[in-house]
Amino acid sequence: MTMKTAALAILTAPLMALPAAAQTSWDMATPYPDAEFHTKNIREFVADVEQATGGDLTITVHSGQSLFKHPEIKRSVQNQLVPIGEVLMANLYNEDPIFGADNIPFVATSYEDARALWEAQRPLVEEKLAADGIRLLYTVPWPGQGFYTNREIASAADLQGERFRTYNATTSRMAELLGTVPTTVEAVEIPQAFSTGIVDAMVTSAATGVRTKAWDFTDHFYDLNAWFPKNMVIVNEDAFSALPEDQQQALLDAAAAAEERGWRMSEEEMTSTVDALGKELTVHEPSEELMSGLREVGETMSAEWVEEVGAEGQEVLDAVE
Ligand code: PCA
């Protein structure tokens, strides 16, 4: 052997010794920050996939809208700009109202309700996504939604005129019915929206309140558990079916585990973040007067939603006791 061929043999030997394994690296687009429990759950999901496939399928998580802005993530998965991503399901309301069932105030007000609602909603959601070439991998709810304000409020009428931070069309509709002025702001942009004076109140969970240090810009949290909106992790169907079968199975198994773990994490997060908020600002159980005003808005929105969805919609709502 000449020096050259010997060197070549050394260089190529390790490559030839390996079986022709299909190595795939995916990017994943997510909207929420690293510290959020949803993102932590995604990182565990990704680690499970990597382990189960012996490193043949690796997924790089781009959190906090760093790859695509939240409103672009679903379309990016659909168009295979990225194979996998996370989205707040109800943000797709404008594509089909079925996606927004878990965003209607006072339909599902506990984890038990949220599960019942999801069971009824799931087949319809899967069908809509499938029509766009997308497969649903799993969903995880946010803890219950409440209001953050600077002023103390005794009734829904006290909210009138507030500049209200919302996160999608459904929350904006609610804000409108409450006589407030809605502005849609992504979770990662909340502190800036308050500091620049665009908003002075918001709707979100205790979890997002803690992540954004809501006490820096609001004084009161109204613990309403008004609804439990879900994040969903979705994958492009063509990208999924291009994987070898064992990798597909690894992804599905890790997704099932992530769904179970995520629902549990969400419940734990609700308790710990409401406690954490209590140390920094005033946490209120809502008064009966406030609740009755809010329930009225919830009823209007339920009726509007059923009207849009049709008979199927009523069945979905009826699944919650
Ligand atoms: N946090 C997200 C969605 C719901 C929630 O609790 C947000 O506020 O944008």
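Residues numbered from 1 in each chain as written. Predicted model: local features only at pLDDT ≥ 70, side-chain atom pairs only at ≥ 80, totals over all residues. Heavy atoms only, no water.

Visitor: Can you walk me through the sheet that holds strand 5 (residues 145-149) in this structure?
Guide: Pairing between the strands of a sheet comes from backbone hydrogen bonds, and it takes one of two forms, parallel or antiparallel. The strand order across the open sheet formed by six strands is 7-6-8-5-9-11, and the pairing between neighbours is mixed. The outermost strands of the open sheet, each flanked by one partner alone, are strand 7 (181-184) and strand 11 (282-284). The sheet shows a mean angle of 25° between the axes of neighbouring strands, direction not considered. As paired strands, strand 6 (residues 163-166) and strand 7 are joined by four bridges and run parallel to one another. Each residue of the ladder has a partner; that of Arg163, found in strand 7, is Val181. (Pairing = 2+ DSSP bridges. Helix = DSSP H or I, 4+ residues; strand = E, 2+ residues; numbered from the N terminus. Axes fitted to C-alpha atoms, helices over the stretch in contact; angles between N-to-C directions.)

Visitor: Sorry if this is basic, but what is going on with the pattern of salt bridges here?
Guide: When the charged atoms of two side chains with opposite charge come close together, those side chains can pair. Applying the stated criterion across every chain yields a total of 18 salt bridges. Across the salt bridge formed by Lys128 and Asp96, the nearest N and O atoms sit 3.2 Å from each other. Of this pair, Lys128 sits in helix 4 (residues 111-131) while Asp96 sits in the loop between strand 3 (84-88) and helix 4; the two residues are 32 residues apart in sequence, bridging distant segments of the chain. Note on Lys128: relative accessible area 34%, which makes it partly exposed. What makes Asp96 buried here is its relative accessible area of 16%. Residues Glu269 and Arg211 are paired through a salt bridge, measuring 2.4 Å at the closest nitrogen-oxygen approach. Pair noted here: Glu269 is in helix 9 (residues 245-278) and Arg211 is in helix 7 (residues 206-211), with a separation of 58 residues, a long-range link. On the basis of relative accessibility, which here comes to 24%, the residue Arg211 falls in the partly exposed class. Salt bridges linked by common partners bring Glu36, Arg211 and Glu269 together as one network. (Salt bridge = Lys/Arg side-chain N within 4 Å of Asp/Glu carboxyl O. Buried < 20%, exposed > 50% of the residue type's maximum accessible area, 1.4 Å probe, protein only.)

Visitor: I tried to follow unusual backbone geometry on my own but got confused; where do I start?
Guide: Peptide bonds are trans in most cases, and residues, glycine excluded, mostly fall at negative phi. Backbone geometry places Lys213, a non-glycine residue, at a positive phi of 50°. Looking at Lys213, the relative accessible area reads 44%, which means it is partly exposed. A positive phi angle is found at Asn225, which is not glycine, with a value near 45°. With respect to the helices, strands and loops of the structure, Asn225 is situated in the loop between strand 9 (220-222) and strand 10 (230-236).

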